[in-house]
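A look at the structure
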Amino acid sequence: MPLSFIDLVLIVGISQGFFLALAVQLLPNKNKIANKTLSLILIIAALVLLGRVAGVRIKSNYLLKVGVLADATIYIFGPLLYCYIRRLTFNETPKYRLSWLHYSPILLNVIYFVWALSYSNSELMRMVNSGKLYSLFLIVELGGLISLTFYWYKSIRLFVNFKRIQKQELSYNQSVSRYLTVILITLGLLLVLWLFSFIGLYVFHFYSQYINYNVMWIVACLFIYVIGFFSLTQPEILRLPLITKTKPKEKNRLSEAEIEHLKTKLNHLLINEQIFTTPDLSLKSLSDALETSSNNVSWLLNKIYKKTFYEYINEFRVEAFLKKIEAKEHQSQTLLAIALDVGFNSKSTFNKAFKTITNNTPSNYIKQMNTSI
């Protein structure tokens, strides 16, 4: 039987899965805790795809039953993906682990597998063709769809929490935000296609030639490629402390004298030493320079200045940028070069901060400034 286009795509996906699983482990000092989970995801996905090809190409009385066991992977991708994202973004000691309860649905599939072993291959095929296993197939697939959707939702909430804490701890946006956005959007599209296929088959009894289970395998290959490729190019992530609960309101963390002393030292660092020009400035590094705790600085910014660390630092950067524009420096160098000079680490971060603070774009601001002269 000649190889079909789908088979070729799956074979490429299989080879990529095994290669990337090894490659991410060989990256020197790059997100090693998270990449161990990623390697496991890639290996499992590659094995599932290998089983998909083998099931069509190899005639065996056991492959149909092994396929039943392979369905257990439906329930493992969600927990592993959530664990990967959490280990990638947050610094937790000991490292974060999901309890065994998150993997318990796999036991149901194992029971299903043992039950299938009690029948011959021909008996199973007769039950499939007669529709006796229709309800069982529906429950297994619906359970997998619900499981993956649940952990996708948990991953989105975790990502939103990460972005919120990032503004409290860092003066810049890490590229991991774009990376995780790609992963979550890709998974969301996969879930939409899977839901469409599921409803069409089990509700309307309609099998689509273009949106079906085979298409899910192709999307799975693309998903493997997206995660693996980005992980190879992803720099070391500054993992943040996870804040899961809102702290009770503090009346006075610092005395009036301590507040004034800290404000004086902060103004000296920002105005005189221009510490804001450091691209990777974080709450911890600023706190170290102030010789106080991160909690004290965070409290000062939130309670006294009513700003996040991200907002506070980028206001100084935008102000420094505007001074350079007024000095006509944009006539001899690019706007991006000036933005990098005042501490921004990327064009996207600069444009977002500038728009938020001035309610204008850099180019339009300069145009209006020239018009008013």
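See the structure shown above.
Structural notes, computed from the coordinates.

The rules behind each value
- Residues numbered from 1 in each chain as written.
- Predicted model: local features only at pLDDT ≥ 70, side-chain atom pairs only at ≥ 80, totals over all residues.
- Heavy atoms only, no water.
- Helix = DSSP H or I, 4+ residues; strand = E, 2+ residues; numbered from the N terminus.
- Buried < 20%, exposed > 50% of the residue type's maximum accessible area, 1.4 Å probe, protein only.
- Contact = heavy atoms within 4.5 Å.
- Areas by Shrake-Rupley, 256 points an atom, 1.4 Å probe, with all protein chains shown as cover.
- Polar contact = N/O pair within 3.5 Å; in protein donor to acceptor, adjacent residues only side chain to side chain.
- Core = buried A, V, L, I, M, F, W, Y, C linked by side-chain atoms within 4.5 Å.
- Expected span 1.5 Å × (residues − 1).
- Axes fitted to C-alpha atoms, helices over the stretch in contact; angles between N-to-C directions.
- Parallel < 35°, antiparallel > 145°, perpendicular 65-115°, else oblique.
- Left-handed = near helix turned anticlockwise from the far one by under 90°.
- Nonpolar A, V, L, I, M, F, W, Y, C, P; charged D, E, K, R; others polar.
- Phe/Tyr/Trp six-rings, centres within 6.5 Å; stacked < 30°, edge-to-face > 60°.
- Lys NZ or Arg CZ within 6 Å of the ring centre and 35° of its normal.
- Patch = residues over 30% accessible without salt bridge, like charges linked within 9 Å, V, L, I, M, F, W, Y side chains within 5 Å.
- Salt bridge = Lys/Arg side-chain N within 4 Å of Asp/Glu carboxyl O.

Comments concerning the overall build of the protein
On a plain count of helices and strands, the protein comes out with 16 helices and zero strands. Scored against the burial criterion, the 373 residues of the protein give a buried share of 43%. Of the contacts made within the protein by residues no fewer than 6 positions apart, 76% connect residues no fewer than 24 positions apart. Carbon and sulfur atoms make up 64% of the accessible area of the protein, which amounts to about 20500 Å² in all.

Concerning unusual backbone geometry
Cis geometry is found at the peptide bond from Thr93 to Pro94, where omega equals 0°. Relative to the helices and strands, Pro94 is located in the loop between helix H4 (77–89) and helix H5 (105–117). In this model, Lys306 sits at a positive phi of 60°, which is unusual for a non-glycine residue. One can find Lys306 in the loop between helix H12 (294–304) and helix H13 (309–326). Despite not being glycine, Asn359 has its phi angle at roughly 55°, a positive value. Tracing the chain through its elements places Asn359 in the loop between helix H15 (347–358) and helix H16 (362–372). Judged by relative accessible area, which is 62%, Asn359 ranks as exposed.

Quick look at the environment of Tyr207
You can see Tyr207 is positioned in the loop between helix H8 (176–202) and helix H9 (213–233). When its relative accessible area of 52% is taken as the criterion, Tyr207 is described as exposed. Counting along the chain gives 10 residues from Tyr207 to Ser197, while the straight-line C-alpha distance between them is 7.6 Å.

Some words on the side chain of Ser171
When you line up the elements, Ser171 lands in the loop between helix H7 (134–169) and H8. By relative accessible area, which is 0% here, Ser171 ends up buried. In this structure the side chain of Ser171 is engaged in a polar contact, spanning 2.7 Å, whose partner is the backbone oxygen of Leu281. Setting aside chain neighbours within four positions, we find Ser171 in contact with Pro279, Leu281, Phe309, Tyr310, Ile313, Asn314 and Arg317.

Points about the nonpolar core
The biggest cluster of nonpolar side chains holds 58 residues, and the ones touching the most others in it are Tyr84, Leu88, Tyr179, Leu180 and Ile183. Contributing elements (two or more residues each) for this core: helix H1 (5–26), helix H2 (32–57), H4, H5, H7, H8 and H9. Counting residues per element, this core draws most heavily on H8, at 11 residues.

Section: H13
With 18 residues, H13 should cover 26 Å at 1.5 Å per step; its first-to-last C-alpha distance of 26 Å lies within 8% of that length. In the stretch just after H13, Lys328 is the one whose phi turns positive, near 65°.

Quick word on the packing of helix H10 (residues 256–272) against helix H11 (residues 283–290)
Axis angle and axis distance: for two packed helices, these are the angle between their axes and the distance between the axes, and together they describe the pair. At a minimum axis separation of 10 Å, H10 and H11 run at an interaxial angle of 110°. As summarised for this structure, H10 and H11 are arranged roughly perpendicular, according to the angle between their axes. Once H10 is placed against H11, the crossing between them reads as right-handed. Taken together, the residues of H11 that come into contact with H10 (itself represented by Leu262, Lys265, Leu266 and Leu269) are Leu286, Ala289 and Leu290. Considered class by class, the residues forming the contact of H10 with H11 number six nonpolar, no polar and one charged.

Digging into the packing of aromatic side chains
Given two aromatic rings, their pairing is described by the distance between the two centres and the angle made by the two planes. With the rule as written, the count across this model stands at 14 aromatic pairs. Measuring from ring centre to ring centre gives 4.7 Å for Phe321 and Phe350, while their planes differ by 55°; the resulting arrangement is tilted. Within this pair, whereas Phe321 is found in helix H13, its partner Phe350 is found in helix H15, the two being separated by 29 residues in sequence. The class of Phe321 is buried, set by a relative accessible area of 0%. Here Phe350 falls in the buried class, since its relative accessible area comes to 2%. An aromatic cluster of at least three residues, connected via ring pairs, comprises Phe321, Phe344, Phe350, Phe354 and Tyr365. The residue whose ring lies beneath Arg317 is Phe344, and the NZ or CZ to ring-centre distance is 5.8 Å.

Brief notes about a nonpolar patch on the surface
On the surface, a nonpolar cluster with roughly 500 Å² of combined accessible area is contributed by Leu195, Ile199, Val203, Phe204 and Phe206. Mapping Val203 onto the fold places it in the loop between H8 and H9.

Things to note about the environment of Asn31
Structurally, Asn31 can be placed in the loop between H1 and H2. On a C-alpha basis, the gap between Asn31 and Glu236 in space is 5.8 Å, while along the polypeptide they are 205 residues apart. Those residues in contact with Asn31, other than ones at most four positions away along the chain, are Leu88, Gln234, Pro235, Glu236 and Ile237.

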